[in-house]
Amino acid sequence: MTATPSAPDTAGPLLSTLEAPAALRELSERQLTGLADEIRAFLIEKVTAVGGHLGPNLGMVELTLALHRVFTSPHDTLLFDIGHQAYVHKLLTGRAAGFTTLRQAGGLSGYPSREESPHDVIENSHASTALSYADGLAKARQLHGEQDRAVVAVIGDGALSGGMAWEALNNLGGAPDRPVIVVLNDNERSYAPTIGALADHLHQQRAQSDDSIDWLVRQAPAARFGGCDAEADGPLPLARSLFELLGFAYIGPVDGHRLRPVEEALSLARELGRPVVVHTVTSKGKGYRPAEDEPQDRMHTCGVIDPHTAEPLKQSSTPSWTSVFSDQLCSLGQRHENVVALTAAMPGPTGLARFAERFPQRCFDVGIAEQHAVTSAAGLATGGLHPVVAVYATFLGRAFDQVLMDVALHRLPVTFVLDRAGATGPDGPSHHGMWDLALLGAVPGLHVAAPRDATRLRELLDAAVRYEDAPTALRFPKGGVGEDIPALERIGPVDVLHRSGISDVLLVAAGPMAAPAREAALRLEGQGIGVTVADPRWVLPVSTELVQLASRHRLVVTVEDNIRTAGLGTALARALDDDGCGTPLRALGLPGRFLPHASREDLLRRAGLDAKGISQAVLRARAHKPHQQPDPHTPAEVS
Ligand SMILES: Cc1ncc(C[n+]2csc(CCOP(=O)(O)OP(=O)(O)O)c2C)c(N)n1
Ligand SMILES: CC(=O)[C@@H](O)[C@H](O)COP(=O)(O)O
Ligand SMILES: [Mg+2]
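Here we summarise the structure given alongside this text. Here the structure is a predicted model, which is why all the values come from computation and not from measurement.

What counts, and where the lines are drawn
Note that residues are indexed from 1 along each chain, following the sequence as it is written. A letter from A marks each chain and a number from 1 marks each ligand, given out in the order of writing. This being a predicted model, a pLDDT of at least 70 is required before a residue's local features are given, and a value of 80 or more before pairs of side-chain atoms are given or counted; all residues contribute to the totals for chains, interfaces and linings. Derived side-chain values reflect all non-hydrogen atoms in the structure, with water molecules and hydrogen atoms excluded from consideration. For each residue, the test is whether any non-hydrogen atom lies within 4 Å of the molecule or strand; if one does, the residue is near. N or O atoms closer than or at 3.5 Å make up a polar contact, with two conditions inside protein: a donor-capable atom paired with an acceptor-capable one, and, for residues adjacent in sequence, both atoms drawn from side chains. Note on areas: Shrake-Rupley with a 1.4 Å probe; residue coverage comes only from the protein chains shown. Gly counts as polar in this scheme, as do all residues outside two lists: the nonpolar Ala, Val, Leu, Ile, Met, Phe, Trp, Tyr, Cys and Pro, and the charged Asp, Glu, Lys and Arg. Here the term donor refers to an N, O or S atom within 2.8 Å of the metal (or 3.2 Å for Na, K and Ca), and because water is left out of the atoms, sites may appear incomplete. We count a stretch as a helix when DSSP gives it H or I for four or more residues in a row; a strand needs E for two or more, and each element gets its number in order from the N terminus. Each residue is assigned to one of three classes by its accessible area relative to the maximum for its type, calculated with a 1.4 Å probe on protein chains only: buried under 20%, partly exposed between the two thresholds, exposed over 50%. The term nonpolar core refers to a set of buried residues drawn from Ala, Val, Leu, Ile, Met, Phe, Trp, Tyr and Cys, joined through side-chain atoms within 4.5 Å.

Turning to the site of ligand 2, a few remarks are in order. By nearness alone, 13 residues border ligand 2, and Tyr 191, Tyr 392, Arg 420, His 431 and Lys 478 come closest of all. Within the side chain of His 300, an N or O atom sits 2.9 Å from an oxygen atom of ligand 2. Tyr 392 is positioned with one of its side-chain polar atoms (N or O) 2.5 Å from an oxygen atom of ligand 2. Surface burial for ligand 2 is 90%, taken as the share of its 360 Å² of free accessible area covered by protein chains. When the residues that make up the shell around ligand 2 are grouped by side-chain class, the tally is 5 nonpolar, 5 polar and 3 charged.

Printed below as a string of structure tokens:
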């Protein structure tokens, strides 16, 4: 049944009267079906109005209802891996009213939030962590004698392709006395359809199940492939799933949209009192035809769209940074046969989809497995290719060791393209790409570029893939790319964007910070202060030309869309110091704290990284006043 988008303008009669999840147990099957319809209509109405993860949450309606009927949160703990699929959980735990401000400054988070509710645990939106949390929590419950409190981890088939999940499965399955319940939400997709042997295995499992409510519980780990166990009499039952071989009981596959079988499977899992995997099968975008029919990613995320037509109601007037990268990579792929590309299950969002269409043999989706992606790229480079690893900046953090020791140590020509670098916006603290310059600045021999506009993105990407004996990285933010900013002159790698008569202040702006820096220079000139604006282009390591330019000014102020505590500013300050140059330097950037969800513009303004904030910081620095980093949590006055 496909919900007609003519949704009510508020929560329906059941949803609006739901006080607590426990009340769900009082509802009849018919009422529950009605509630599921209400929830779907509510999600369509609210999420199309503000944007968010509509597809994943439409697939979680019945499963989440069943979870809250079988388990008693927060006495029992429900963990959501990534957490983008926890909107229904939020609805059932009293937060329907917050959906009008979903993912907006001061509004409801798009992920679980401990601040919002005692029902929420994992705030980190990075994949493949829930099973490890579950392992630790189950051990804590055991040590505290609280084994009556169930630990339930909901993980998607995409997140299950992450290495950390298998590290956790190894521990969970090896502890029969620690009954963690793993609920696998298998919808055959990350964004795109899942890949690899695990996806094939789950496909086989799904093929085994028939329409009836048919599942088998096998007492693993006794199950073996045709083997025999000394204590057992006769051949053991064949293990049907990978999970049974790892010590789990396996229940499923069960239709995740049919309440009764799901509840019975979860209740059975609870009664077993041992590690168990409940394999549920769902459909991303369920019940909303525009999502069900969306071929690329079943409306994994949607912007602000018309709920009836799914047409975007907000269109960016400029091309996105991602689309500029995508076009240039296709052009490079045409010119350089050795260029290949890797994605961690995000070909669409990282701009690799068209490269994959044009060069299908040269684009590799490795699943949500950034660590593997980086070291596989090291292998590709060792084999004579030039891999481009396209990831969101925030996700590269989990592959830092691989960047450092598998790529840089061997001086391999791998190029990392970091999309969503800097303050990203609605996805909140674990999605801001604000640590990459701090991390990559510590990698010997790795060169980091930050393009200020589309032309520099194209030229820097071309330069990066020409490196033959060193890794490179290119970072750019989410959203539309601004107007080209031409250079007055180029000194080595450094572009001078603005000059005043006197060399009073040097503003060094990384990447997209060039635009507000140039505007700040004009403001300061109006106050008789001479400002030079420079774009280093290759921001790390700092170039000798930049150090020399800085030493010719009375004050240097750096501006970067990264934490200010470790990045371009600290590197240039150190270089000036090593050079024995006494020019004072003030580093502007994002605060070394976790930033809330809000719009990118709002976050940059709050951090003093707009023209007004930059010019004020320069005036304070000239007056030798201490830096006042605005608090990112308090909305700045509208400038
Ligand atoms: C480490 C990491 N890499 C990439 C992402 C981006 N991402 C968010 S959701 C998603 C797909 C998740 O697929 P799955 O776990 O199957 O959940 P579903 O959306 O299908 O419910 C990805 C790749 C992420 N959150 N974390
Ligand atoms: C949950 C997750 O990691 C992604 O789905 C993310 O929300 C997408 O972000 P963009 O919307 O910036 O592509
Ligand atoms: Mg999935």
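This is not the end of the story, as more comes after the structure.
Let's shift gears to the coordination of the magnesium ion (ligand 3). The protein atoms that coordinate the magnesium ion (ligand 3) are Asp 157 (OD), Asn 187 (OD1) and Arg 189 (O), at distances of 2.0 to 2.1 Å. Going along the chain, you hit the donors of the magnesium ion (ligand 3) in the pattern D-x29-N-x1-R. Remark: Asn 187 occurs in the loop between strand E3 (180-186) and helix H8 (196-208) and Asp 157 occurs in the loop between strand E2 (151-156) and helix H7 (163-173); sequence separation between them is 30 residues. The residues Asp 157 and Asn 187 share a single accessibility class, namely buried.

Burial analysis of helix H18 (residues 454-464) places 8 of its 11 residues in the buried class, which makes it a mostly covered element. For H18, the complete set of buried residues consists of Ala 454, Arg 456, Leu 457, Leu 460, Leu 461, Asp 462, Ala 463 and Ala 464. The backbone nitrogen of Thr 455 lies 3.3 Å from a side-chain oxygen of the residue at the head of H18, namely Asp 453.

All right, on to the site of ligand 1 then. Of all residues adjacent to ligand 1, which total 22 residues, the nearest are His 84, Gly 158, Asn 187, Lys 284 and Glu 370. The separation between an oxygen atom of ligand 1 and a polar main-chain atom of Ala 159 is 2.8 Å. Note that a nitrogen atom of ligand 1 is positioned 2.7 Å from one of the side-chain N or O atoms of Glu 370. For ligand 1, the accessible surface in isolation is 590 Å², of which the surrounding protein chains cover 98%. Class assignment for the residues of the shell around ligand 1 results in 8 nonpolar, 9 polar and 5 charged.

With that settled, consider the nonpolar core. If you look at the biggest cluster of nonpolar residues, it comprises 56 residues, and the most contacted ones within it are Ile 39 and Leu 43. In terms of residues, this core owes the most to one element, helix H2 (residues 29-50), which gives 8 residues. Membership of the second largest hydrophobic core comes to 50 residues, among which are Leu 440, Leu 506, Leu 546 and Ala 575.

Note that all results are geometric; they support no functional claim without further evidence.
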